[in-house]
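Breakdown of the fold
So you can see what is in the structure, the chains are spelled out below.
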Amino acid sequence: MGSAMVVLGIETTCDETAAAVVERLGAGPGRILSNVVLSQIAEHAAFGGVVPEIAARAHVEALDLIIAQAMKEAGRSFASLDGIAAAAGPGLIGGVIVGLTTAKAIALVSEKPLIAVNHLEAHALTARLTDGTPFPYCLFLASGGHTQIVAVLGVGNYVRLGTTVDDAIGEAYDKVAKLLGLAYPGGPEVEKQAFDGDATRVTLPRPMLGRPHADFSLSGLKTAVRLEAERRAPLSDADVRDLCAAFQQSVVEVVADRLRAGLKIFRKQHGKPTALVAAGGVAANDAIRKALQQVAFEAGTVLVAPPPELCTDNGAMIAWAGAERLALGLTDTLAALPHARWPLAEVTGPPLPVVADISIIDMLNAGLSKIAPAKDG
Ligand code: KG4
Ligand code: ZN
């Protein structure tokens, strides 16, 4: 537990081919020795979204070089590593197979343990890599495929408090960008446009606002943007900016409201969180980060938001999650399977500690009362 642990992490679940080497000294923060990310934006741009088959082929072509570069920048040999981690899902299955198979080959040849990491768990634990945030904390995980509020109680111990009932926030950003003719990926593009826009010119709904549960709904908001865009067509540059600003304003208010509800549920179920932690690509959004900061402050806690390049997909988060699991002896065999779908709640951690003394005494008492002769017998 106490000794340093150096792990290679491989990420290929979506449209980034990434590898990193990270050192874990204790519960965090960790040390990033290298973090190489190759984005496939150019390959997918013409299609306005990620094309799974193109992504898988691009991962095959790039991964060896990306790993070699990560190892070189870290100044490490495979022999000097303590473990090899790869994202084993959830994600586009072709890419997941490429990353996991490569990790297995390296683990086999270098005789190092393999850690098959859940991509969402890696996002969830990034705050420990960057800030050493102790458990338990309240996680807001928002990416292209996921929007969840999660109680992070320990490694492999995750309780979902809220989720989206339809689109993910990143997905809504990407779809709004597409319908407004903006470049892929949409999140950063919409944020840029919104910056100079007037959010008050268009009135958009705030789905789920004020509900006591902590769930999200984004598809109605996206449809409202489409209807407004159609009504105003042809759109001027100012229209696009204003629609982006109104959309983002609505998202910001909804996120703040849902997190207030989520933090309340967290407190009721798990006590005071050590922090509100933001993770996933959407957490790179400055307006959303500011709103989360305010919500955390109101709830008497702090916001921990990793730097934007560690919010979007990267290898360092996979390496760190691998190191956290390795430190607990949670390694995988070479038979580990790739997953297209793999909910965070299905990730397991170390076995729950059994209060041995009490259970043994209880068992003895139970047994003794059965065999003890009656006093007056
Ligand atoms: O975590 P991530 O890199 O990949 C997934 O696991 O999905 O998240 C990517 C998503 C995309 O939908 C992208 O549009 C969104 O995060 N995103 C943003 C921003 N940067 C990335 N959304 C809003 N504002 C941003 N600045
Ligand atoms: Zn992600």
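Further up the page is the structure itself.
What this report covers is the structure whose coordinates are included nearby.

Cut-offs and rules
- Starting afresh in each chain, residues are numbered from 1 along the sequence in its written order.
- A letter from A marks each chain and a number from 1 marks each ligand, given out in the order of writing.
- With the structure being a predicted model, the display of local features is reserved for residues of pLDDT at least 70 and the display and counting of side-chain atom pairs for 80 or more, all residues being used for whole-chain, interface and lining totals.
- Remark: hydrogens and water are excluded; side-chain values derive from all non-hydrogen atoms of the structure.
- For helices, the fitted line uses only the C-alpha atoms of the stretch in contact; every axis is such a line through C-alpha atoms, and the angle between N-to-C directions lies from 0 to 180 degrees.
- Starting at the N terminus, helices and strands are each numbered in turn, a helix being any DSSP run of H or I of at least four residues and a strand any DSSP run of E of at least two.
- In what follows, roughly perpendicular refers to angles from 65 to 115 degrees, roughly parallel to angles under 35, roughly antiparallel to angles over 145, and oblique to any angle outside these ranges.
- By definition in these notes, contact holds between two residues if any of their heavy atoms fall within 4.5 Å.
- Residues were grouped as follows: Ala, Val, Leu, Ile, Met, Phe, Trp, Tyr, Cys and Pro as nonpolar; Asp, Glu, Lys and Arg as charged; and all remaining residues, including Gly, as polar.
- For a helix, the expected span equals 1.5 Å multiplied by the residue count minus one.
- Bend angle per residue: angle between axes fitted to the 7 residues ending at that residue and the 7 residues starting there.
- Throughout this description, buried means an accessible area under 20% of the type-specific maximum (1.4 Å probe, protein chains only), exposed means over 50%, and partly exposed covers the range between.
- Patch construction takes residues with relative accessible area above 30% that form no salt bridge. Like charges are linked within 9 Å, and nonpolar side chains (Val, Leu, Ile, Met, Phe, Trp, Tyr) are linked within 5 Å.
- Note on areas: Shrake-Rupley with a 1.4 Å probe; residue coverage comes only from the protein chains shown.
- In what follows, salt bridge is the name for a side-chain nitrogen of Lys or Arg lying within 4 Å of a carboxyl oxygen of Asp or Glu.

Moving on to the packing of helix H5 (residues 169–179) against helix H7 (residues 219–232). Where H5 contacts H7, the two axes come as close as 10 Å, and the packing angle between them is 10°. One finds that H5 runs roughly parallel with respect to H7. Seen from H5, the contacting residues are Lys175, Val176 and Leu179; seen from H7, they are Lys222, Val225, Arg226 and Ala229. Grouping the amino acids of the contact of H5 with H7 by side-chain chemistry returns four nonpolar, no polar and three charged.

Between H5 and helix H8 (residues 237–270), the least distance of the axes is 12 Å, while the angle of their chain directions is 170°. Here H8 runs roughly antiparallel to H5, going by the angle between their axes. Contacts between H5 and H8 involve Ile169, Ala172, Tyr173 and Val176 from the first element and Phe247, Gln248, Val251 and Val255 from the second. Here the residues of the contact of H5 with H8 sort into seven nonpolar, one polar and no charged.

The subject of this paragraph is helix H2 (residues 52–74). An ideal rise of 1.5 Å per residue puts 33 Å on 23 residues; H2 measures up with 30 Å between its terminal C-alpha atoms. Along its length, H2 shows its largest kink, about 45°, at Ala62. Within the span of H2, buried status applies to Ala55, Ala56, Ala58, His59, Ala62, Leu63, Ile66, Ile67, Ala70, Met71 and Ala74. For H2, the elements touching its buried residues are strand S1 (5–11), strand S2 (16–24), strand S3 (31–39), helix H1 (41–45) and helix H3 (93–110). Following H2 by one or two positions, Gly75 adopts a phi angle in the positive range, close to 65°.

Moving on: a nonpolar patch on the surface. Side chains of Leu108, Val109 and Leu334 sit close together on the surface and give an oily, nonpolar patch of about 320 Å² of accessible area. Following the sequence through the fold, Leu108 ends up in helix H3. On the accessibility criterion, Leu108 (56% relative accessible area) is exposed.

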